[in-house]
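Next come the chains, spelled out residue by residue.
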Amino acid sequence: SQMLAARPEVRPDQLELEVLETSALEDVAHVSERMHACRALGVSFALDDFGSGLSSFAYLKNLPVDYLKIDGMFVKGSALDATDFALVESINRIGHVMGMQTIAEFVESEDVLQRMQAIGVNCVQGYHVHQPESYPALSARLAKRQVVTLEELAG
């Protein structure tokens, strides 16, 4: 919260912070306490690489998470591996049941994109959707409102 006060031009409700699942596991009580304090100011949180930790579901209920980013190692394999797809489905489902938006990482093919759409993943990221770009280029596209939604990708 001290960092937020030092930058008054940035409102806390404009911030979305990503917390790596493995970092959150190091001290769940401490991380949860800090997240709750920031969330009280309006900050939202994404839990990154969900599914890579050993006890992911056990602690998820205790973290104030708005977005659940499904680990890319499961997403990219979901087109060919039934187990990976089942893991993605279950993470997506539990995220939705808990009121979170889900984000699939490593969407690198049309087949994977279609699978994510079919199970109702809210957002995707990966080379199939868009290559990484510099902030100035992104800022220029956003100013021209040249952004693409998942629904528009589905065509």
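Everything quoted here is computed from the prediction, not taken from an experiment.

Draft legend 1. Representation of the sheet that holds strand S3 (residues 67-70) in the model. Strand order across the open sheet formed by five strands is S1-S2-S3-S4-S5, with parallel pairing between neighbours. Lying at the two open borders of the sheet, with one neighbouring strand each, are strand S1 (16-20) and strand S5 (123-124). With four bridges joining them, S3 and strand S4 (residues 101-104) adopt parallel strand pairing. Considered in S4, the bridge of Ile 70 is made with Ala 104.

Draft legend 2. Expanded view of the packing of aromatic side chains. If you walk through the whole model with that rule in mind, you get zero aromatic pairs. Stacked on the ring of Phe 85, the Lys or Arg Arg 115 has its end atom at 4.7 Å from the ring centre.

Draft legend 3. Broad picture of the packing of helix H6 (residues 82-97) against helix H7 (residues 110-119). As a packed pair, H6 and H7 sit with axes 10 Å apart at the nearest point and diverge in direction by 40 degrees. If you check the angle between H6 and H7, you find them oblique. For the pair H6 and H7, the sense of crossing is right-handed. Seen from H6, the contacting residues are Phe 85, Val 88, Glu 89 and Asn 92; seen from H7, they are Arg 115, Met 116 and Ile 119. Each residue belonging to the contact of H6 with H7 can be placed in one class, and the counts come to four nonpolar, one polar and two charged.

Calculation notes
Residues numbered from 1 in each chain as written. Predicted model: local features only at pLDDT ≥ 70, side-chain atom pairs only at ≥ 80, totals over all residues. Heavy atoms only, no water. Pairing = 2+ DSSP bridges. Helix = DSSP H or I, 4+ residues; strand = E, 2+ residues; numbered from the N terminus. Phe/Tyr/Trp six-rings, centres within 6.5 Å; stacked < 30°, edge-to-face > 60°. Lys NZ or Arg CZ within 6 Å of the ring centre and 35° of its normal. Axes fitted to C-alpha atoms, helices over the stretch in contact; angles between N-to-C directions. Parallel < 35°, antiparallel > 145°, perpendicular 65-115°, else oblique. Left-handed = near helix turned anticlockwise from the far one by under 90°. Contact = heavy atoms within 4.5 Å. Nonpolar A, V, L, I, M, F, W, Y, C, P; charged D, E, K, R; others polar.

Structural measurements only, silent on function.
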